[in-house]
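Okay, here's what each chain looks like letter by letter:
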Amino acid sequence: MHESKLENNKYFKLKKNNSVSESSLPLFLILACEKLKRIAFFTNNTKSMIDLKREIQSFGSNIEVLTFPDFDCDFFSNISPTKEILSERIKTLYKILFPKNKKIIFIGSYSCLISQTILREDLENKKITLKKKCSKSFEEIKDFLKNNMYERVDFVRTKGEFSIRGDIIDIFSPNNNDPARILFDFENIESISFFDIESQKSKNKINSYDLFPASEIIFNDNSIKNFRESFRKIGFTDRNEYYKSISNNIFLPGRDQFYPILYKKYDSIISFLNNY
């Protein structure tokens, strides 16, 4: 965000002209959000971000607090970010793009201001809503899950997973708090219900369920092509197994380490916060 834009922001002026102690910061942010509806605040590190979120929530307000954690690994290190971090980041991006709560506090660390994320326009068209008798077929949903980084498992227990058993698809989209069980009657959705991840038993039926990518790190034809070109330009000499597996879209643990060379263009989190 340019400094001129920051200077004109009401919250920036409020913060700049007042000394706020660390202990009073959560209450200050709540009061600022009550007035401005949507605000963004940046902390020194991820731990401070998590602590601040917990303190704000302890007041029991109806404000939604979103966090955008830093990746918990170094790129090009043969290690991928953990699924928990990927899920939290994509959930936050979803809730920024499709807000249901009018009052939102976004919290990130200073480092996320300079880190890259997927283009906003690439995510805006990624949401699909499943409803009874909707036009999405069994194969279309399966293709969406495959193309948007969901992991197929025997039993769904964590976000970003799905399973298929006969005419049933279990899905845990990262933007939801509960997984959904989709029952098909041939190619039509017959019912949608939440289910318990421990017992795997269906719970209450629901009218709709939103699907979103499991991660901002998406391997598709375009991103794989860009990865191949960038990989060759950089001249990696010790990661040929990754080059071969990603070129053939075969999952290999650690492939997310190449996120910085996956896309031609990236956005910063600021591009998502234009209404904050």
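Scroll up to find the structure.
Figured I'd write up the structure that's included with this text. (Residues numbered from 1 in each chain as written. Predicted model: local features only at pLDDT ≥ 70, side-chain atom pairs only at ≥ 80, totals over all residues. Heavy atoms only, no water.)

Over its twelve residues, helix α3 (residues 25–36) runs 16 Å from end to end, which matches the ideal 16 Å to within 8%, given 1.5 Å per residue. Just downstream of α3 lies K37, where phi reads positive at about 80°. (Helix = DSSP H or I, 4+ residues; strand = E, 2+ residues; numbered from the N terminus. Expected span 1.5 Å × (residues − 1).)

The next thing to look at is the sheet that holds strand β3 (residues 104–109). The strand order β1-β3-β2 describes an open sheet built from three strands, whose pairing is parallel. Among the strands making up the open sheet, the edge pair consists of β1 (38–43) and β2 (64–68). Taking the axes of each pair of neighbouring strands and ignoring which way they run, one obtains an average angle of 20° across the sheet. Sheet analysis places β2 next to β3, joined by five bridges and oriented parallel. From the neighbouring strand, E64 faces β3, where its bridge partner is I104. The strands that α3 touches are β1 and β3; relative to β1, the one it contacts most, it runs at about 150°. Against the sheet, helix α5 (residues 83–97) contacts β2 and β3, and its axis sits at roughly 130° relative to β2. (Pairing = 2+ DSSP bridges. Axes fitted to C-alpha atoms, helices over the stretch in contact; angles between N-to-C directions. Contact = heavy atoms within 4.5 Å.)

On to the packing of α3 against helix α4 (residues 46–57), then. Between α3 and α4, whose axes approach to 9 Å, the crossing angle comes to 65°. When the axis of α3 is compared with that of α4, the two are roughly perpendicular. Crossing angle aside, the handedness with which α3 passes α4 is right-handed. For the pair formed by α3 and α4, the contact residues are L25, P26, L29 and I30 on the first element and L52, E55 and I56 on the second. For the contact of α3 with α4, the class distribution of residues is six nonpolar, no polar and one charged. (Parallel < 35°, antiparallel > 145°, perpendicular 65-115°, else oblique. Left-handed = near helix turned anticlockwise from the far one by under 90°. Nonpolar A, V, L, I, M, F, W, Y, C, P; charged D, E, K, R; others polar.)

Our focus in this paragraph is the packing of aromatic side chains. Inspection of the entire model under this criterion finds 23 aromatic pairs. Their ring planes at 65° and their centres at 5.6 Å tell us that Y242 and F258 sit as a pair that is edge-to-face. Linking Y242 in helix α9 (residues 240–247) with F258 in the segment after α9, this pair joins segments that are 16 residues apart in sequence. The class of Y242 is buried, set by a relative accessible area of 7%. Relative accessible area serves as the criterion here: at 0%, F258 is assigned to the buried category. Pairwise contacts between aromatic rings join F76, F227, F231, F236, Y242, Y243 and F258 into one cluster. A cation over a ring is seen here: R89 above F71, with NZ or CZ 3.8 Å from the ring centre. (Phe/Tyr/Trp six-rings, centres within 6.5 Å; stacked < 30°, edge-to-face > 60°. Buried < 20%, exposed > 50% of the residue type's maximum accessible area, 1.4 Å probe, protein only. Lys NZ or Arg CZ within 6 Å of the ring centre and 35° of its normal.)

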